[in-house]
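This is what each chain is made of:
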Amino acid sequence: MAWNVFKFCTALRALGSIMIVLVLGIVGVTYYVIVVAKYGPALFYGGLDSFDAFLVLVLFHSLLVMLLWSYFTTVLTDPGGVPPNWRPSIDEESGDADPLVRLAREDPDLDLNQSTMLGEPANPRTRVCRKCNRFKPSRCHHCSVCGRCILKMDHHCVWVVNCVGALNYKYFLLFLFYSFLVTTLVTSSLLPLFIAFFTVDEKNETPEILVATFVTFVLNLSFALSILGFLIMHISLVFGNTTTIEAFQKKTNSKWHYDLGRRKNFEQVFGTDKRYWLIPAYSEEDLECMPVLQGFEYPTRPDWDELQQL
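Residues numbered from 1 in each chain as written. Predicted model: local features only at pLDDT ≥ 70, side-chain atom pairs only at ≥ 80, totals over all residues. Heavy atoms only, no water.

1. Description of the overall build of the protein
This is how the line gets drawn: In DSSP terms, a helix is any run of H or I states spanning at least four residues, a strand is any run of E spanning at least two, and both are numbered starting from the N terminus. Three exposure classes are used, based on accessible area relative to the maximum for each residue type with a 1.4 Å probe and protein chains only: buried under 20%, partly exposed in between, and exposed over 50%. The contact criterion used throughout is that any non-hydrogen atoms of two residues lie within 4.5 Å. Exposure was quantified through the Shrake-Rupley algorithm and a 1.4 Å probe, taking into account, for residues, occlusion by the shown protein chains and nothing else.
Counting its regular elements, the protein contains 11 helices and six strands. Counting all 310 residues of the protein, 43% fall into the buried class. Across the protein, the fraction of contacts at a sequence separation of at least 24, relative to all contacts at a separation of at least 6, is 58%. For the protein, the exposed surface amounts to about 17,300 Å²; the carbon and sulfur share of it is 64%.

This is how it looks when you write it as structure tokens:
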């Protein structure tokens, strides 16, 4: 009998809370080594050592604030769900009308799963989620962990205890970006101490500080290397206007119809206001035209207002 992997979804939800504690634990250990044990005391050494310590601490705290801001914005922002009463639009003049859509408009309580038991809808562009029993907009996928359909879903990330979708993809990318910068800064700052750990016979630090420094260096180096590859992959996805789920589908198509050019593809995720590109927020102008930026089709403006309130 085949394994049903979806029975582990409840465990994944519980794992998410543990991952938040793990992230904060790594940040706490790193903060202790960089600020309390190493560069904080170096501020009082005088001379060039104090200046170097000051620069490291300022840069470290600045990047750490942006990292935590991006992280918790990703965690707390709804990735985007399908509005409850959303229906595909019908162009009756061109004959582009799906009988299934007509029935759903006439009977809001219609069981869509029952209506599609004998095959797919007449219009291949009409997509129905058999788990949610609702119509699905284009680029929308069902997340078994969250238990609902997510707009422009990229993947479900246990590190952020959330799906990465249309409304928090930018925040997730900024979380990766600042995580890479912080881990790279910590790794380069602790590299001389890590080398001295194996070359200097007499240790000037307590065993606790030595262990914490060693663990911090190894963890941050590992995360820096892994995040770099992940960041490069997502940058290529952004410039191609695709998602992790759509990556394979894009390879099978000679022309990806969502590709609007690198600049417009980038602006669909990060907005058009350059002042907001490096912070986990959108300008009011970008929020007003978000339906256009994200490439989703909603029949009326109230549907978008309802979406933002989810």
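Following the structure, the description resumes.
2. A look at a nonpolar patch on the surface
Stated precisely, the cut-off is as follows: Excluding any residue in a salt bridge, patches collect residues exceeding 30% relative accessible area, merging like charges within 9 Å and nonpolar Val, Leu, Ile, Met, Phe, Trp and Tyr side chains within 5 Å. Whenever a carboxyl oxygen of Asp or Glu lies within 4 Å of a side-chain nitrogen of Lys or Arg, that contact is scored as a salt bridge.
A cluster of nonpolar residues, Leu43, Phe44, Leu48, Phe51, Phe54, Leu55 and Val58, forms a patch on the protein surface that exposes about 760 Å² of accessible area. Residue placement: Phe51 occurs in helix 2 (residues 47-76).

3. Things to note about helix 5 (residues 169-199)
Spelled out, the test is: In a helix, the anticipated span is given by 1.5 Å times the number of residues less one. Fitting one axis to the seven residues ending at a residue and another to the seven starting there, the bend at that residue is the angle between the two axes.
Its 31 residues place the ends of helix 5 44 Å apart at the C-alpha level, agreeing with the 45 Å of an ideal helix rising 1.5 Å per residue. For helix 5, the principal kink sits at Leu191 and spans about 45°; a proline, Pro192, occurs within the next four residues.

4. Brief notes about the pattern of salt bridges
For the coordinates displayed, the defined rule picks out four salt bridges. Of the charged contacts in the structure, one is a salt bridge between Arg139 and Glu246, with a shortest N-O distance of 2.8 Å. Pair noted here: Arg139 is in the loop between strand 2 (134-136) and strand 3 (140-143) and Glu246 is in the loop between helix 6 (207-239) and helix 7 (247-252), with a separation of 107 residues, a long-range link. For the pair Arg139 and Glu246, a shared accessibility class is recorded, and that class is buried.

5. Description of the nonpolar core
Stated formally: In plain words, nonpolar cores are sets of buried Ala, Val, Leu, Ile, Met, Phe, Trp, Tyr and Cys residues tied together by side-chain atoms within 4.5 Å.
Core analysis: the biggest nonpolar cluster contains 43 residues, and Ile34, Phe60, Tyr169, Phe172 and Leu173 have the highest contact counts within it. At the level of elements, helix 1 (9-42), helix 2, helix 5, helix 6 and helix 8 (262-270) are the ones that each hand at least two residues to this core. Here this core gets 12 residues from one element, more than from any other, and that element is helix 5. Ignoring anything within four residues of it in the chain, the contact list for Tyr169 reads Asp154, Val164, His234, Leu237, Val238 and Val269. Within the second largest apolar cluster, 10 residues are counted, among which are Phe135, Cys149, Leu151 and Ala166.

6. Here we look at the packing of aromatic side chains
In plain terms, the rule: Stacked, tilted and edge-to-face are the three classes applied to pairs of Phe, Tyr and Trp rings, where Trp contributes its six-membered ring and a pair requires centres within 6.5 Å; stacked means planes under 30 degrees apart, edge-to-face means over 60, and tilted covers the rest. Our definition puts a charge over a ring when NZ of Lys or CZ of Arg is within 6 Å of the ring centre and also within 35 degrees of the ring normal.
Using the criterion set out here, one finds 12 aromatic pairs in the structure. Ring plane angle 55° and centroid distance 6.0 Å describe the contact between Tyr171 and Tyr282, whose orientation is recorded as tilted. Within this pair, whereas Tyr171 is found in helix 5, its partner Tyr282 is found in the loop between helix 8 and helix 9 (284-288), the two being separated by 111 residues in sequence. Tyr171 gets classed as buried once you look at its relative accessible area, which sits at 9%. Taken together through their ring pairs, the aromatic side chains of Phe239, Phe266, Phe270 and Trp277 make up a single cluster. Its end group placed over the ring of Tyr258, Arg139 keeps NZ or CZ at 4.1 Å from the ring centre. Note that Arg262 overlies the ring of Phe239, its terminal NZ or CZ placed 5.7 Å from the centroid.

7. Concerning the packing of helix 5 against helix 6
Test applied: Whenever a helix is involved, its axis is fitted only over the stretch in contact; in every case the axis is a line through C-alpha atoms, and angles between N-to-C directions fall within 0 to 180 degrees. Note: crossing handedness is left-handed where the near helix turns anticlockwise from the far helix by less than a right angle, and right-handed where it turns clockwise. Nonpolar residues are Ala, Val, Leu, Ile, Met, Phe, Trp, Tyr, Cys and Pro. Charged residues are Asp, Glu, Lys and Arg, and all others, Gly as well, are polar.
Orientation of helix 5 relative to helix 6, taken along the N-to-C sense of each, is 145°, at an axis distance of 6 Å. Where helix 5 crosses over helix 6, the handedness of that crossing is left-handed. Tallied by class, the residues present in the contact of helix 5 with helix 6 amount to 26 nonpolar, eight polar and no charged.

8. Here we look at the UniProt feature "transmembrane region" (unreviewed entry) in the protein
This is how the line gets drawn: UniProt positions are given in the numbering used here, feature names are shortened, and annotations may be inferred rather than shown by experiment.
UniProt tags residues 12-34, 54-72, 171-197 and 209-232 as "transmembrane region" (unreviewed entry). When the span residues 54-72 is considered, its composition is 100% helix and 0% strand, and the gap between its end C-alpha atoms is 27 Å. Secondary structure across residues 171-197 divides into 100% helix and 0% strand, with the first and last C-alpha atoms of the span separated by 37 Å.

9. Details of the pairing of strand 4 (residues 148-151)
Remember that side chains alternate between the two faces of the sheet whenever the strand is regular. Here is the rule: By the convention used here, strands pair only if DSSP detects at least 2 bridges between them.
Two strands pair when backbone bridges link them, and strand 3 and strand 4 are joined in this way by four bridges, in the antiparallel orientation. Bridging across to strand 4, His141 finds its partner in Ile150. In this antiparallel pair of consecutive strands, strand 3 and strand 4, the connection spans four residues, and Gly147 shows a positive phi of 75°.

10. Points about unusual backbone geometry
Positive phi outside glycine occurs at Arg139, with the angle close to 65°. One non-glycine residue, Asn241, lies in positive phi territory at about 55°. Within the element layout of this structure, Asn241 appears in the loop between helix 6 and helix 7. Exposure remark for Asn241: the relative accessible area of 2% places this residue in the buried category.

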